[in-house]
Amino acid sequence: MSLREQVQPTDLGPRRLLTELAIGTGWVVLFVTLFYSVGVETGTGSVPRHLFLFQLPELLASALSSGPDSRWANLLQRLDIVGIAAVVLWGAAGWGGLLLRLINVRLSLSTPERLAVLMGVGLSIWSLLTLLHGVIGLLLRPLFLLFLIPAAIDLFRRFSRVKQTRAATKPPVTPKGSQGTKSPGVMWILVPLAGPFVLAMFLGAMLPSVDFDVKEYHLGGPKEYFLQGRVGFLEHNIYTSFPFLTEMLSLSTMVLRGDWFRGALAGKLVLMTFAPITAIGLFGLARRLWSTTAAVIGVVVFLTTPWVYRISTIAYTEGGMSAYLMLTVISFLWWLDCIRSSPQGGETEDSSSGLLLLTGVLAGSAAACKYPGVLSVVIPFGLAVLWVKRNSGLRSLVQVGIIYSVGVLVAFGPWLLKNLFETGNPVYPLVWSVFGGRGLDAAAHAKWQAGHPLPTHLWTQPVALIVDLSHQTWSVLAGSLWQSPLPFALAPMSFLLLRRRRAVMGLLLLFVWLLLTWCWLTHRIDRFWVPMLPIVCLLAGAGGGWLASSFAALRIDFGMSRDGKPTWPRLVSLWLMIALALPLFVSIWFNLFVVTSGLSGYNQYLLDEAIARRECAEPSIRLLDSMQLTDADKVLFVGDAALFEATFPYAYHSVFNQSIFQDLFADDAALPTDSTPSPGTGLIVLNDTTAAELPLRSDVEIQRRLRESGITVICANWNEILRYRHPGSYGYSGFVTPGRFQELVNRGHLSPIPMPQAYVSRPWDSLQDSEQKEILDWGPELRDHTLGRDVFITRQFYRVVLQ
């Protein structure tokens, strides 16, 4: 079927079509113009995007230039990373194929859709296998190599099938003069437009991470599991009790590599593949719903969006959640087609049940990436399943609900069981008021709630709610530095489609659900809305396909005048095409700059790996490495939690966990009489104000606790503590102040370790007024003027003195 026959734009009439093209082109030009006029935060203030456009050639050349330690030959240092990632992906493909056969899913899907679903299911199974072996303490490389058995069997089956097919059939004879089947010309735009972005993702994923959350728990948690040889409750890091589907993939690569650092880089590369998996699924679905042109445009829009690069190179969970949302859409629509195109009963009913179970598994895998997946994927698709079967009777309704729920629990249930067994709360640390939870009490829960607030104050104010919704919607459309103008410039055109319009409306409804739940039921971290990008890009592909086919139709219908010259409508359509193409290609060029310039993360793609590792390490770790610590040393970090690169023994806690410093030095006798220890830890968590009033323990007790802890060095990161204490942030224990450290020095328990001020200070005038006020109220000792200028002391180091 030709492109024109698929979309049928000329059913509207050529003149009306030209009018709609003009309106559509006008919208694209207007939105792109507004997009580039918006100021975005770059770390040095708000800068309108259009200012970057005039500097693109120079900035892009600078970003891609190689320094003295950067060379293509350094990529040879990454070969083991690529090899380990390839092993995991191969093993996941085998498990994906095995599960699809077990649940009797006869995938007559297009090849791209089948490949995407198979890989997504396989990676989910691989993650669960890692969890299982981690919980029972069998994180052993030989066992993980056994995970490859299904992949080896699948490879053997495919090889045998190909040999049998070749032996039984002869190659087809091509008639003389026939050119065979050719790929549509539009396919050729994929490589030059999307190829550089995929290459940047591939290279960027193999670099160390510089992001706090990644170092604290996305990679920091798997590192601790690897070092202790099992997956278990980490009472000092509340974040590691989240669902950890993507983090288990990183743990598996650590085990296979036998090294937590290089294994983590291999894990990042595996996580990067969620972007191409999403793109492959998007391509297959868009081609099945609309056209190859729509599929190619949708993939280009998706892969060239800087947000996709960012979540693919930083080991965030949103890449996995985006993929599973896309795959759930594919599985759900195929189930829908299956039950609508065949009578009830028989083999087809078995296939539809398998597809529904698969839909549940994929939705549950989204929730296994992070808790918001329940809200974004599990609930909407569960409701959609019930809505589809609403007229089929109660028995059928219950049956599909059970099948879908079983699929969800297969993928998500193990994480609920793990938390229930370890903490008594299946969704720990959420819903503490209902389930409770190990290591938490009312004060700790209140602190968690304050750090992750829902906009509940808006729920009873309709006017404020609408104003806020418009503001948040615009922030999604154009407010982020890593957003692209293309998704929302092209998506509105999809409503002009005449073919599969019901699919467009369903995708729009899903987008609205994702937007509203992000606005009203989360604490609005910007990357939390990123999983809606594949849905918008799917609509953008449909809209872009409509534009392309409409221009093609106009060239045919208006044709030439009798004297062989183009008619005026055809000239108008030509100018509209130019007006449309220019902002689209400029946007892709701009996105490539954002991706490779360092604005989207660490971008030293060809740097020597040893230098990259040193550059990406936290300043506190680099300073401690320069001290040449001995094997007998153990460092307590106060404030610091992003400690992935540390190679020496250390202790730390996240901002929501009990302060180890407070536990060591605060006097228990002075605790409020109504305080009770938290279940599981025996620790008493106080609110920050109460903790500030606690005195120090006796000298004898302090010395005893220091000996038992084995801590020999203490690093206080006042810069991080200031960030936590800033109004509107999480807060921090009021017991931890510079004055406490000075009191411990005066009493002979700690000895300051001098550090060059250039490495442990910030100019005082670089702080905000509110930060300066907070320091003067809480830690005036941190304002220093010894070198003739005011500075803020960001870090202090102390040696423990045992008496």
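Residues numbered from 1 in each chain as written. Predicted model: local features only at pLDDT ≥ 70, side-chain atom pairs only at ≥ 80, totals over all residues. Heavy atoms only, no water.

## Considerations on the overall build of the chain
Then, in step 1: Of regular secondary structure, the chain possesses 35 helices and ten strands.
Then, in step 2: Expressed as a percentage of its 803 residues, the buried residues of the chain come to 55%.
Then, in step 3: A separation threshold of at least 6 residues defines the contact pool for the chain, and within that pool the share at least 24 residues apart is 78%.
Then, in step 4: Accessible surface computed for the chain: about 34400 Å², of which carbon and sulfur atoms make up 63%. (Helix = DSSP H or I, 4+ residues; strand = E, 2+ residues; numbered from the N terminus. Buried < 20%, exposed > 50% of the residue type's maximum accessible area, 1.4 Å probe, protein only. Contact = heavy atoms within 4.5 Å. Areas by Shrake-Rupley, 256 points an atom, 1.4 Å probe, with all protein chains shown as cover.)

## With respect to empty space enclosed by the protein
Then, in step 1: Within this structure, the stated rule accounts for six cavities of 30 Å³ or more.
Then, in step 2: Forming the boundary of the largest cavity are Met321, Pro372, Leu375, Ser376, Leu514, Thr517, Trp518, Thr522, Phe528, Trp529, Pro531 and Met532.
Then, in step 3: If you list the elements that add at least two residues to the lining of the largest cavity, you get α19 (372-388) and α25 (501-521).
Then, in step 4: Across the lining of the largest cavity, the residue classes break down as nine nonpolar, three polar and no charged. (1 Å grid on protein atoms, 1.4 Å probe; cavity = no way out; pocket = protein on both sides within 12 Å on 5 of 7 lines; lining within 4 Å. Points joined across faces, edges and corners; volume = space filled by probe spheres on them. Nonpolar A, V, L, I, M, F, W, Y, C, P; charged D, E, K, R; others polar.)

## Describing the environment of Pro222
Then, in step 1: Relative to the assigned elements, Pro222 resides in helix α11 (residues 220-228).
Then, in step 2: For Pro222, a relative accessible area of 0% gives the class buried.
Then, in step 3: Pro222 sits 31 residues away from Thr253 along the chain, and the two C-alpha atoms are 10.0 Å apart.
Then, in step 4: If sequence neighbours within four positions are ignored, Pro222 has contacts with Tyr217, Phe244, Glu247, Leu251 and Met254.

## Quick word on the nonpolar core
Then, in step 1: Ranked by size, the top nonpolar core spans 234 residues in total, and within it Trp290, Phe665 and Phe741 carry the most contacts.
Then, in step 2: The element that contributes the greatest number of residues to this core is helix α17 (residues 318-340), accounting for 14 residues.
Then, in step 3: The residues contacting Phe665, other than those within four sequence positions of it, are Pro695, Leu696, Arg697, Ile702, Leu706, Ile714, Phe735 and Leu744.
Then, in step 4: Core analysis: the second largest hydrophobic core is formed by 17 residues, Ala641, Cys715, Ile753 and Met755 among them. (Core = buried A, V, L, I, M, F, W, Y, C linked by side-chain atoms within 4.5 Å.)

## A look at the confidence of the model for the chain
Then, in step 1: Confidence in the prediction of the chain, expressed as mean pLDDT, is 85, and 86% of residues score 70 or more.
Then, in step 2: Low pLDDT, under 50, characterises residues 1-7; the stretch is placed with 15 contacts to residues that sit more than four places away or in other chains.
Then, in step 3: Note that residues 673-686 has pLDDT below 50 and, in this model, 34 contacts with residues that lie over four places away or in other chains. (pLDDT = per-residue confidence, 0-100.)

## Quick notes on the sheet that holds strand β7 (residues 761-763)
Then, in step 1: Reading across the sheet, the three strands line up as β7-β9-β8 and stay open at both edges, with antiparallel pairing between neighbours. In the strand order of this sheet, the two ends are held by β7 and β8 (783-784), each with one partner.
Then, in step 2: Direction of pairing for β7 relative to strand β9 (residues 791-793): antiparallel, over a ladder of three bridges. Opposite Arg762, over in β9, you have Phe792 as the bridge partner. (Pairing = 2+ DSSP bridges.)

## So, the sheet that holds strand β4 (residues 650-651)
Then, in step 1: Strand order across the open sheet formed by five strands is β4-β3-β5-β10-β6, with mixed pairing between neighbours. The sheet is open, and its two edges are formed by β4 and β6 (750-753), each paired on a single side.
Then, in step 2: When β6 meets strand β10 (residues 795-800), the two strands line up antiparallel, connected through four bridges. Within the sheet, the bridge partner assigned to Ser751 lies in β10 and is Arg799.
Then, in step 3: With respect to the sheet, helix α29 (residues 619-626) is in contact with β3 (635-638), β5 (713-717) and β10, its orientation differing from that of β10 by roughly 40°. (Axes fitted to C-alpha atoms, helices over the stretch in contact; angles between N-to-C directions.)

## Focus on the pairing of β10
Then, in step 1: Of the pairings in the sheet, the one linking β5 to β10 comprises five bridges and is antiparallel in character. Among the inter-strand pairings, Ile714 is bridged to a residue of β10, identified as Tyr798.

## A closer look at the pattern of salt bridges
Then, in step 1: Enumeration according to the criterion identifies 23 salt bridges in this entry.
Then, in step 2: Here Glu609 and Arg262 are joined by a salt bridge, their closest N and O atoms 2.5 Å apart. On the criterion of sequence distance, the pair formed by Glu609 in helix α28 (residues 609-616) and Arg262 in helix α13 (residues 260-272) is long-range, its members being 347 residues apart.
Then, in step 3: Among the ionic pairs, Lys773 bridges to Asp777, the shortest N-O distance being 3.0 Å. Pair noted here: Lys773 and Asp777 are both in helix α35 (residues 769-778), with a separation of four residues, about one helical turn. Comparing Lys773 with Asp777, the two get one shared label, exposed.
Then, in step 4: Linked by salt bridges that have partners in common, Asp80, Arg257, Arg262 and Glu609 make up one network. (Salt bridge = Lys/Arg side-chain N within 4 Å of Asp/Glu carboxyl O.)

## Considerations on the packing of aromatic side chains
Then, in step 1: In this structure the tally under the stated criterion is 39 aromatic pairs.
Then, in step 2: A centroid spacing of 5.2 Å and a plane angle of 85° characterise the contact between Trp260 and Phe644, whose relative ring orientation is edge-to-face. With Trp260 in helix α13 and Phe644 in the loop between β3 and β4, this residue pair connects regions lying 384 residues apart in the sequence.
Then, in step 3: Between the aromatic rings of Phe637 and Tyr650, the centroid separation amounts to 6.1 Å while the plane-to-plane angle is 80°, which identifies the pairing as edge-to-face. Residue Phe637 is located in strand β3, and its partner Tyr650 is located in strand β4; the two are separated by 13 residues in the primary sequence.
Then, in step 4: Judged by relative accessible area, Phe637 falls into the buried class, the value being 0%.
Then, in step 5: One Lys or Arg, Lys370, reaches over the ring of Phe528 and ends 3.6 Å from the middle of that ring.
Then, in step 6: Seen from the ring of Phe261, Arg613 lies directly overhead, with NZ or CZ sitting 3.8 Å from the centre. (Phe/Tyr/Trp six-rings, centres within 6.5 Å; stacked < 30°, edge-to-face > 60°. Lys NZ or Arg CZ within 6 Å of the ring centre and 35° of its normal.)

## Let's talk about α11
For an α-helix, 3.6 residues make a turn, and residues three or four places apart therefore share a direction.
Then, in step 1: Inspection of α11 places Gly220, Gly221, Pro222, Lys223, Glu224 and Tyr225 among the buried residues, and these make up the whole buried set.
Then, in step 2: Positive phi shows up at Gly229, right after α11, with a value of about 80°.

## A short note on a nonpolar patch on the surface
Then, in step 1: Among the surface-exposed residues, Leu132, Val135, Ile136, Leu138 and Leu140 lie close enough to one another that they form a single nonpolar patch of about 410 Å² accessible area.
Then, in step 2: With respect to the helices and strands, Leu140 occurs in the loop between α6 (111-135) and α7 (141-146).
Then, in step 3: Of the residues examined, Leu140 reaches a relative accessible area of 43% and is grouped as partly exposed. (Patch = residues over 30% accessible without salt bridge, like charges linked within 9 Å, V, L, I, M, F, W, Y side chains within 5 Å.)

## Details of the pairing of β3
Then, in step 1: Covered by surrounding structure in β3 are Val635 and Phe637 together with Leu636 and Val638, the residues of both alternating faces.
Then, in step 2: Note that β3 and β4 share two bridges and pair parallel. Each bridged residue has a counterpart across the sheet, and for Leu636 the counterpart in β4 is Ala651.
Then, in step 3: In terms of strand pairing, β3 meets β5 through four bridges, oriented parallel. Opposite Leu636, over in β5, you have Ile714 as the bridge partner.

## Focus: the packing of helix α5 (residues 79-102) against α13
Then, in step 1: Running from N to C, α5 and α13 point in directions that differ by 55°, and their axes come no closer than 8 Å. Judged on the interaxial angle alone, α13 and α5 are oblique. Where α5 crosses over α13, the two elements pack in a sense that is right-handed. From α5, Asp80, Ile81, Val82, Ile84, Ala85, Val88 and Leu89 reach across to α13, where they touch Arg262, Leu265, Ala266, Leu269 and Val270.
Then, in step 2: Class assignment of the residues belonging to the contact of α5 with α13 gives a composition of ten nonpolar, no polar and two charged. (Parallel < 35°, antiparallel > 145°, perpendicular 65-115°, else oblique. Left-handed = near helix turned anticlockwise from the far one by under 90°.)

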